[in-house]
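Fold and contact review
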Amino acid sequence: MAAAAVIGDYRRGKTALFLIACGWAGAAPHLWLEAGRSLLPAITLAFVLGGYGLRTVLRDRQHSSANANEIGLEPSAEYVWPSVDVLVAARDEEAVVDRLVERLAGLNYPKGKLSTWIIDDGSQDRTPALLDELQQQFPSLNVIHRPSGAGGGKSGALNAALQQLQGEWLLILDADAQLQDDLLQRLVLFAQQGGWSAVQLRKAVINSQHNLLTRVQAMEMAMDALIQQGRLAGGGVVELRGNGQLIQRSTLEACGGFNENTVTDDLDLSFRLLTAGALVGIVWNPPVQEEAVESLSALWRQRQRWAEGGLQRFFDYWPVLMSSKLTLAQRRDLACFFLLQYALPVVSFADLFTTLLTRTIPTYWPLSIVAFSISGMAYWRGCRSISDGPALPSPTPWNLVVAITYLSHWFVVIPWVTVRMALFPKSLVWAKTSHHGQQPVQV
């Protein structure tokens, strides 16, 4: 873990440089280019980044080894199932923990090859007592109780169990995860047949019909998985998403375990696996099922954490990411993804601010239009795909318009988080998402 701590130094300075660079890029066309040429930077980037995005969304996913249904699900007569440890970090999860344990106990996997580990990380509700009761009912369940304030956030909780594990593979889940009975067998076969060191399951939203916000999040998860498949098919990078990630234990230990100096252990681990040369795949079906947040306040808290962790991992690992340790396709993929996901919202905010000061027209709208249009195409393709789990929202014109509009929240979250990271010290608070125990709606 020491290596991860060292590369995380100077975070405020790195963020300040990023903020200044984006601010300059957003203001420069207004201040130094004539009115007729002020759109040239945005138009140029729209062609470059738009081309990247279009190729990513439209790539043929059938040839990217991205769907577990395309992998032989019947092992050979000589096949020996590897041992697997299911690992869950839980804090104040009384609403879902009993259902989780029952679901894990019902997984189809050879007896004696599967163990479940749940780390109670200083819960203040009935989670500790429920886990102790469940441990008496399910012999394969192992419970670790951490005291309140033990430190390290979710990563610290996962590391507390890592040193005790013996399984060849680890399946990392959130407490609200719901799985099909045959998921683990299919996932392990997919990982071993494909030669992957880690595999991320598509995340499917259980409560998509609860309200408009959960519906667009369900569409967002489908879009994200489709884009990840396209990135992989083009030689780019697949990122872990925390819930539903299968990892080879020896590879994880070689990378130093989970980084306790980040607020998003999954995103940080994605880059450490990448720089170690480990191959990460993604599965569309079957998905891991989870709850989407149901209020704007919960979404705001969640997305701030995602934005902070996403930016921090780029700042921490950027020298390695741009080095020859990665292929040219991986470096190009990461650079384009960074510009679209993180730089564009900050640049657009600076563009708007300068527009108001100088009373000129915005200059980056061509790039923003291209980015939102490609996102709409990704929504459409993702939601039209077969879902071996909860039904995906139909990509009707109304749903697409609402979902594209919903994406604009990143143009507020990322600039705000960037300013906050540049001005204030890092705070490693595990700002977990509350779960309510929703039941899935199957196709």
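Positions within a chain are numbered from 1, following the residues in the order the chain's sequence is written. Predicted model: local features are reported for residues with pLDDT of at least 70 only, side-chain atom pairs are reported and counted for 80 or more only, and whole-chain, interface and lining totals are derived from all residues. Only hydrogens and water are set aside; all other atoms, that is, all heavy atoms of the structure, feed into the side-chain values.

Let us now look at the overall build of the protein. Where helices and strands are cited, they refer to DSSP runs of H or I of at least four residues and of E of at least two residues respectively, numbered from the N terminus. If you tally the helices and strands in the protein, you get 15 helices and 7 strands. As defined in this context, the radius of gyration uses C-alpha atoms, and a globule is described by 2.2 Å times the residue total to the power 0.38. Computed over the C-alpha atoms, the radius of gyration of the protein is 22 Å, within 12% of the 22 Å expected from 2.2 N^0.38 for a compact globule of 443 residues. Its C-alpha atoms give the protein principal-axis dimensions of about 75 × 45 × 45 Å. Expressed as a percentage of its 443 residues, the buried residues of the protein come to 57%. Exposure categories follow from relative accessible area, calculated using a 1.4 Å probe and restricted to protein chains: below 20% of the type maximum is buried, above 50% is exposed, and the middle band is partly exposed.

With an omega of 0°, the peptide bond between Asn285 and Pro286 qualifies as cis. You can see Pro286 is positioned in strand β7 (residues 280-290). Unlike most non-glycine residues, Asp92 shows phi in positive territory, near 55°. Secondary-structure assignment places Asp92 in the loop between β1 (84-90) and α4 (97-105). Phi at Arg359 takes a positive value of approximately 55°, unusual for a residue other than glycine.

Judged by how many residues are buried, strand β2 (residues 114-121) sits mostly within the fold: 7 of 8 residues are covered. In this fold, the crossover linking β1 to β2 by way of α4 has right-handed handedness. In short, DSSP must find at least two bridges between two strands for them to pair. Judged from the 6 bridges that link them, β2 and strand β3 (residues 141-146) form a sheet pairing that is parallel. Residue pairing across strands places Thr116 opposite Leu141, the latter belonging to β3. For a crossover, the right-handed case is the one in which the path from the first strand over the helix to the second runs clockwise, viewed with the strands pointing away from the viewer. In this fold, β2 hands off to helix α5 (residues 127-137), which returns the chain to β3; that crossover is right-handed.

So, on to the pairing of strand β6 (residues 245-248). Sheet topology places strand β4 (residues 169-173) next to β6; 4 bridges connect them, and they run antiparallel. When the sheet's bridge partners are listed, Trp169 is paired in β6 with Gln248. In terms of strand pairing, strand β5 (residues 198-205) meets β6 through 3 bridges, oriented antiparallel. From the neighbouring strand, Gln200 faces β6, where its bridge partner is Gln245.

Let us now look at a nonpolar patch on the surface. What makes a patch is a set of residues exposed beyond 30% relative accessible area and free of salt bridges, joined within 9 Å when like-charged and within 5 Å when nonpolar (Val, Leu, Ile, Met, Phe, Trp, Tyr). Note that accessible areas follow from Shrake-Rupley with a 1.4 Å probe, and for residues the cover is restricted to the protein chains shown. By definition here, a salt bridge exists when the distance from a side-chain nitrogen of Lys or Arg to a carboxyl oxygen of Asp or Glu is within 4 Å. Together, Trp24, Leu31 and Trp32 make up an exposed nonpolar region whose accessible area comes to about 420 Å². Relative to the helices and strands, Trp24 resides in helix α2 (residues 11-32). Given a relative accessible area of 56%, Trp24 falls into the exposed group.

We now examine the packing of helix α11 (residues 296-321) against helix α12 (residues 328-358). To obtain an axis, a line is fitted to C-alpha atoms, over the contacting stretch when the element is a helix, and the angle between two such axes runs from 0 to 180 degrees between their N-to-C directions. It is the contact of α11 with α12, at a shortest axis distance of 12 Å, that shows an interaxial angle of 145°. The handedness of the crossing between α11 and α12 is left-handed. Of the residues in α12, those touching α11 at Ala307, Gly310, Leu311, Arg313, Phe314, Trp318 and Leu321 are Arg331, Leu334, Phe337, Phe338 and Tyr342. Lys, Arg, Asp and Glu make up the charged group, whereas Ala, Val, Leu, Ile, Met, Phe, Trp, Tyr, Cys and Pro make up the nonpolar group; the residues left over, Gly among them, are polar. Tallied by class, residues from the contact of α11 with α12 come to 9 nonpolar, 1 polar and 2 charged. Rotating anticlockwise by less than a right angle from the far helix to the near helix defines a left-handed crossing, while the corresponding clockwise rotation defines a right-handed one. Whether two residues are in contact is decided by their heavy atoms: any pair within 4.5 Å suffices.

Next up on the list: α5. Taken residue by residue, α5 has Thr127, Pro128, Leu130, Leu131 and Leu134 as its buried positions. All buried residues of α5 fall inside an arc of 160° around its axis, so they share one side. On the buried face of α5, the contacting elements are α4, β2 and β3. This arc is taken over the directions from the axis of the helix to the C-beta atoms.

All right, on to the confidence of the model for the protein then. Summing up the model confidence of the protein, the mean pLDDT is 89 and the portion of residues at 70 or higher is 91%. Of all secondary-structure elements in the protein, the lowest mean pLDDT belongs to helix α1 (residues 2-7), at 44, while helix α14 (residues 397-406) reaches the highest, 97. Summary of the metric used: pLDDT quantifies the predictor's per-residue confidence within the range 0 to 100. Throughout residues 1-6 the model reports pLDDT below 50, and contacts reaching past four residues in sequence, or to other chains, amount to 9 contacts. In the model, residues 63-72 has pLDDT below 50 throughout and makes 25 contacts with residues more than four positions away in sequence or in other chains.

Moving on, we get to the pattern of salt bridges. Summed over the entire model, instances satisfying the criterion amount to 16 salt bridges. Put simply, Arg91 and Asp121 hold a salt bridge, and the shortest N to O gap is 2.6 Å. One end of the pair, Arg91, is in the loop between β1 and α4; the other, Asp121, is in strand β2, with 30 residues separating them in the sequence. By relative accessible area, which is 3% here, Asp121 ends up buried. Of the charged contacts, one joins Arg231 and Asp333 as a salt bridge, the two residues approaching to 2.8 Å between their closest N and O atoms. Linking Arg231 in helix α8 (residues 212-233) with Asp333 in helix α12, this pair joins segments that are 102 residues apart in sequence. One network of salt bridges, with partners in common, ties together Asp224, Arg231, Glu239, Arg241, Arg313 and Asp333.

The geometry of α4 relative to α5 is characterised by a closest axis approach of 10 Å and an angle of 25° between their N-to-C directions. Viewed along their axes, α4 and α5 adopt a mutual orientation that is roughly parallel. Taken as a pair, α4 and α5 cross one another with a handedness that is right-handed. Of the residues in α5, those touching α4 at Val97, Asp98 and Val101 are Leu130, Leu131 and Leu134. Angle categories: roughly parallel below 35 degrees, roughly antiparallel above 145, roughly perpendicular from 65 to 115, and oblique for all the rest.

Here we come to the sheet that holds β1. Backbone-to-backbone hydrogen bonds join strands into a sheet, with any given pair of strands oriented parallel or antiparallel. Judged by pairing direction, the sheet is mixed, and its 7 strands sit side by side in the order β3-β2-β1-β4-β6-β5-β7 without closing on themselves. Of all the strands in the sheet, the pair left with one neighbour each is β3 and β7. Here the strands of the sheet are splayed against their neighbours by 20° on average, with no regard to which way each runs. The sheet contact formed by β5 and β7 spans 7 bridges and is parallel. Looking at the pairing, Leu201 lines up with Val283 of β7.

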